Amino acid sequence: MNDNPQTEASRTGLEGLEEASLSNWARDLWMKSVLARSAVTILVLNVVSKAFLLFGNAYAARTLGPYKLGVSALISTTVIQTALLFNGGFETTAVRSIALDKRRFWHILAQVLKFRLGVCAVIASVWIVYCMNAFAGAERTAWLTGSALLIALAAGLTFAFQGLEHLPTLTLINGVSGGLCAAGYYLFLRTYSPVGSDLAIYTGAMLLSVGVAYITLFRKVPRDRGGSNDIKPRRLLRESWRYWLLAVSTFFYSTFQITLIAFRLGTVQAGQYRAAMQLVSGVDLLFGSLNSLLLARLTHHHKSGIQTMWRQQVTLSTATLLIGSGVILPLVLGAGFIVRPLLGGAYQATIPVLQFLFLGRLFIFVGQVFVFGLMAAHDDNFVLFSSLLACGGNILL
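Values in this document were obtained by computation on a predicted structure and should not be read as measured data.

**So, the overall build of the protein**
When its secondary structure is counted, the protein shows 16 helices and zero strands. Classification of the 397 residues of the protein by burial places 48% in the buried group. In the structure as shown, the protein presents an accessible area of about 19700 Å², 67% of it carried by carbon and sulfur atoms.

Right, here's the structure in full:
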């Protein structure tokens, strides 16, 4: 016990001052860190919206069954594969260019959309002609829905919101769209619903979100921002072609499995794998929404020097490992408790697949910190080489 009241009062005052300083430091860090505020905003929005969509997807899988879900999975995977033809690799280079000089935003946006929508128009026309001749009945309608999904992918604006660092706004739009999609599943899907019904609802929700995103951009971003207007698709492609190849290789180690399973094992097994992918998509969206903030921020850190950016990467990788492990390990251990109540007995075979997919997401979550660092440093060749190496290994396995 201290017999000196003055000393005790001084210590108490010092402790109070330290607590106040720590509180002020935390508040200042929060107010000054765009990355922290955006990450938390996106996280909250995604958790809320993904909760609705998770149960909506589970309801669709349980109601339609593995076969109908497998057909939709094959169509959507074919659409994603076909969309690689107009990808252009702009998701990375356009974000980087916009982040470096936001005055050029509208010029870059116009050229990217000119390329993507122009190529997409040709592909969609061929798609429609082929489907009209190759399919009949409900399957024809389902495959024709794929042409609308192609247009939605070509018109996507993720790169624009990322470059402007307005991703929380797009996340809100997509979250509302996901909620409407889930509501559509509950309202319209029944066991007797024709094949492709879930795909039609999903495509409609996606087109709606794209439309709202365009309206938002036109209202939030001034049209006359100056900057260079010499941006042309050919010039962008000279920088982005590596990321175009990167997008192709990513498809082969992330989504191609559905096509392979459908042709080698059958549509039912493709539907089971699709159900597992849909459950994992909640983690994808959660982790992806955080990682999607990194490129623009690391590009700014790279301006201050490679050592500054490296320190940020070490801090971020530690944080992502801790956060990711806290999310993934309980999901791996509880995979059986997730599948049985949500999907039913027809999807029992997806449990080990789901566990493996969950673990893969942890490695991706941490690794993306360093991948985006390479992108920010313009080390595009090494990013491409690493991806092609992973793609080749995945196809062989």
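**What about helix 13 (residues 306-333)?**
For helix 13, spanning 28 residues, the distance from its first C-alpha to its last is 39 Å, which sits close to the expected 40 Å at 1.5 Å a residue. At Ser 325, helix 13 is deflected by roughly 30°, the largest bend along its length. Along helix 13, the positions that sit buried rather than exposed are Met 309, Gln 313, Leu 316, Ser 317, Thr 320, Gly 324, Ile 328 and Val 332.

**Some points on the packing of helix 4 (residues 105-134) against helix 5 (residues 137-154)**
Taken N-terminus to C-terminus, the directions of helix 4 and helix 5 make an angle of 175°; their axes are 9 Å apart at the nearest point. Considered as vectors, helix 4 and helix 5 are oriented roughly antiparallel to each other. Contacts between helix 4 and helix 5 involve Leu 113, Arg 116, Leu 117, Cys 120, Ile 123, Ala 124, Trp 127, Ile 128, Cys 131 and Met 132 from the former and Arg 140, Trp 143, Leu 144, Gly 146, Ser 147, Leu 150, Ile 151 and Ala 154 from the latter. Its residues assigned to classes, the contact of helix 4 with helix 5 shows 14 nonpolar, two polar and two charged.

**Considerations on the nonpolar core**
Core analysis: the biggest nonpolar cluster contains 49 residues, and Leu 150, Leu 343 and Leu 354 have the highest contact counts within it. Leave out the neighbours within four places in its chain, and Leu 150 touches Val 79, Thr 82, Ala 83, Phe 86, Cys 120, Ile 123, Ala 124 and Trp 127. Membership of the second largest hydrophobic core comes to 26 residues, among which are Val 95, Ala 160, Leu 170 and Ala 213.

**Brief notes about the environment of Gln 355**
Note on placement: Gln 355 falls in helix 15 (residues 351-376). Placed 20 residues apart in sequence, Gln 355 and Ala 335 show a C-alpha to C-alpha distance of 6.3 Å.

**Section: the packing of helix 4 against helix 8 (residues 197-220)**
Here helix 4 crosses helix 8 at 155°, and the two axes come no closer than 13 Å. Compared by their axis directions, helix 4 and helix 8 come out roughly antiparallel. The way helix 4 lies across helix 8 gives a crossing that is left-handed. Counting all contacts with helix 4, which are made through Phe 105, Trp 106, Leu 109 and Leu 113, the residues of helix 8 involved are Tyr 214, Leu 217 and Phe 218. Split into classes, the residues belonging to the contact of helix 4 with helix 8 amount to seven nonpolar, no polar and no charged.

**Details of a nonpolar patch on the surface**
Taken together, Leu 172, Val 176, Leu 180, Leu 208 and Val 212 make up a surface patch of nonpolar side chains, about 420 Å² in accessible area. Those elements giving two or more residues to the nonpolar patch turn out to be helix 7 (167-188) and helix 8. If you trace the backbone, Val 176 turns up in helix 7. Of the residues examined, Val 176 reaches a relative accessible area of 48% and is grouped as partly exposed.

**Some words on helix 5**
For helix 5, spanning 18 residues, the distance from its first C-alpha to its last is 27 Å, which sits close to the expected 26 Å at 1.5 Å a residue. All of the buried residues along helix 5 are Ala 142, Trp 143, Thr 145, Gly 146, Ser 147, Leu 149, Leu 150, Ala 152 and Ala 154.

**A look at the side chain of Arg 116**
On the secondary structure map, Arg 116 appears in helix 4. Sequence-distant contacts of Arg 116, that is, excluding residues within four places in its chain, are made with Phe 86, Asn 87, Phe 90, Glu 91, Ala 154, Gly 156 and Phe 159.

**Quick word on the confidence of the model for the protein**
A residue-level look at the protein finds 81% of positions with pLDDT of 70 or above and a mean pLDDT of 80. Per-element confidence in the protein ranges from a low mean pLDDT of 46 for helix 1 (residues 5-32) to a high of 95 for helix 5. Throughout residues 5-22 the model reports pLDDT below 50, and contacts reaching past four residues in sequence, or to other chains, amount to three contacts.

**Quick word on the packing of aromatic side chains**
Summed over all chains, the structure comprises nine aromatic pairs. An angle of 85° between the planes, with centres 5.6 Å apart, marks the rings of Phe 90 and Phe 115 as edge-to-face. One end of the pair, Phe 90, is in helix 3 (residues 90-100); the other, Phe 115, is in helix 4, with 25 residues separating them in the sequence. Accessibility expressed as a relative area gives 16% for Phe 115, which makes it buried. Arranged with centres 5.0 Å apart and planes meeting at 5°, the rings of Phe 135 and Trp 143 form a pair that is stacked. Ring-pair connections join several aromatic residues into one group, and the members of that group are Trp 127, Tyr 130, Phe 135 and Trp 143. We note Arg 340 situated over the ring of Phe 337; from NZ or CZ to the ring centre the distance is 5.9 Å.

How each quantity is defined
Numbering of residues begins from 1 in every chain and follows the order in which that chain's sequence is written. Per-residue local features of the predicted model are confined to residues with pLDDT of at least 70, and side-chain atom pairs are confined, for both listing and counting, to 80 or more; whole-chain, interface and lining totals are unaffected and use all residues. Heavy atoms throughout the structure, all of them, feed into the side-chain values; hydrogens and water do not. Each helix is a run of H or I in the DSSP string that is no shorter than four residues. Each strand is a run of E no shorter than two, and both are numbered from the N terminus. Relative accessibility decides the category of a residue: with a 1.4 Å probe and only protein chains considered, values under 20% of the type maximum give buried, values over 50% give exposed, and everything between is partly exposed. Per-residue and other accessible areas follow the Shrake-Rupley method at a 1.4 Å probe size, with only the shown protein chains counted as cover for residues. Expected helix span is taken as 1.5 Å per residue step, with the number of steps being one fewer than the number of residues. Here the bend at each residue means the angle between axes fitted to two seven-residue stretches, the one ending at that residue and the one beginning there. In this analysis, axes come from line fits to C-alpha atoms, helices being fitted only over the stretch in contact, and the angle between any two N-to-C directions falls in the range 0 to 180 degrees. With respect to orientation, any angle under 35 degrees is reported as roughly parallel, any angle over 145 as roughly antiparallel, any angle of 65 to 115 as roughly perpendicular, and every other angle as oblique. Should any heavy atoms of two residues lie within 4.5 Å, those residues are counted as being in contact. Three categories are distinguished: nonpolar for Ala, Val, Leu, Ile, Met, Phe, Trp, Tyr, Cys and Pro, charged for Asp, Glu, Lys and Arg, and polar for the others, with Gly belonging to the last. Joining through side-chain atoms within 4.5 Å is the link that ties buried Ala, Val, Leu, Ile, Met, Phe, Trp, Tyr and Cys residues into a set, and such a set is a nonpolar core. For a crossing to be left-handed, the near helix must be turned anticlockwise from the far one by less than a right angle; the clockwise case is right-handed. Surface patches are defined over residues having more than 30% relative accessible area and no salt bridge, joining like charges when they lie within 9 Å and nonpolar side chains (Val, Leu, Ile, Met, Phe, Trp, Tyr) when within 5 Å. When a carboxyl oxygen of Asp or Glu is within 4 Å of a side-chain nitrogen of Lys or Arg, the pair counts as a salt bridge. Across the chain, each position has a pLDDT score giving the predictor's confidence in that residue, from 0 to 100. Stacked, edge-to-face and tilted labels apply to pairs of Phe, Tyr and Trp rings (six-membered ring for Trp) whose centres lie within 6.5 Å, assigned for plane angles under 30 degrees, over 60, and everything in between, in that order. Two conditions define a charge sitting above a ring: the NZ of Lys or the CZ of Arg must be within 6 Å of the ring centre, and it must be within 35 degrees of the ring normal.

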